[in-house]
Amino acid sequence: MPRLILMGPPGSGKGTQGEILADSWGVPRISPGDIFRAEIKQGTDLGQKVKAFSDSGILVPDEVVIEVIHHRLSQPDTKAGWILDGFPRTVPQAEALDLLLKSIQQNYDHVLNIDVPDVDLVDRLKIRAQQLGRTDDTEEVIKQRLEEYYAKTRPLLEFYGKHVTFIDGTPSMAEVTKHIQQKLELG
Ligand code: AMP
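Thresholds applied
Residues numbered from 1 in each chain as written. Predicted model: local features only at pLDDT ≥ 70, side-chain atom pairs only at ≥ 80, totals over all residues. Heavy atoms only, no water. Near = heavy atom within 4 Å. Polar contact = N/O pair within 3.5 Å; in protein donor to acceptor, adjacent residues only side chain to side chain. Areas by Shrake-Rupley, 256 points an atom, 1.4 Å probe, with all protein chains shown as cover. 1 Å grid on protein atoms, 1.4 Å probe; cavity = no way out; pocket = protein on both sides within 12 Å on 5 of 7 lines; lining within 4 Å. Sits in = over half its atoms within 2 Å of the grid points. Salt bridge = Lys/Arg side-chain N within 4 Å of Asp/Glu carboxyl O. Buried < 20%, exposed > 50% of the residue type's maximum accessible area, 1.4 Å probe, protein only.

1. Quick look at the site of the ligand
If you check the shell around the ligand, you find 16 residues, and the closest are Arg37, Ile58, Gly86, Arg89 and Arg145. Val60 places a polar main-chain atom, nitrogen or oxygen, 3.0 Å from a nitrogen atom of the ligand. A distance of 2.9 Å separates a nitrogen atom of the ligand from a polar atom in the side chain of Gln93. In isolation the ligand offers 480 Å² of accessible surface; the protein chains occlude 95% of this area. For the ligand, the cavity whose grid points lie within 2 Å of the majority of its atoms is the largest pocket.

Right, here's the structure in full:
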């Protein structure tokens, strides 16, 4: 029953690796970013609430994200395990996750951090903007998202401390997947 928290800056390949691992383990990949994009597209109340934040690269308020994750982790398909991709992104979210997991008598098995140098991230995000047409991949928004990451998300590495497994995200996609699988098996 793999329960994995996946961390890394925007553009680190975290989402792609999350999808590959979720497929190979047969567990859901839970990404608040994906949930928000779907809600925005459908024009729901939640979508309207988060659009301005997500469009400008600013983190959505903790209580909104926490509620979304709480709801998602209550679904039956998460019983077999899960990959949290993009949550938690702040210390209060990590604290809320600890409480939530305790309340449903679960724990995480691994915390993975995929790292890529800043200069490469910007290039990768620009390429993704062209490929996927994501509205939050403009240069200004990319800068904002990286600032949010370093200010609010990076401190989580200290929060999780010795539980974190570090992965170099610079090699090819297939190689990174291989490294992750090797490290998790050993861990
Ligand atoms: P992502 O697809 O993970 O890059 O997320 C896209 C956007 O959704 C982010 O720039 C934030 O505005 C919002 N978002 C995603 N996950 C979180 C989170 N855990 N906390 C706050 N905002 C989030």
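What follows picks up the thread again.
2. Notes on the pattern of salt bridges
Using the criterion set out here, one finds 11 salt bridges in the structure. Between Arg29 and Asp34 there is a salt bridge; the shortest N-O distance is 2.9 Å. Assessed through its relative accessible area of 22%, Arg29 is described here as partly exposed. Asp34 gets classed as partly exposed once you look at its relative accessible area, which sits at 33%. Across the pair Asp115 and Arg154 runs a salt bridge, and its minimum N-O distance is 3.0 Å.

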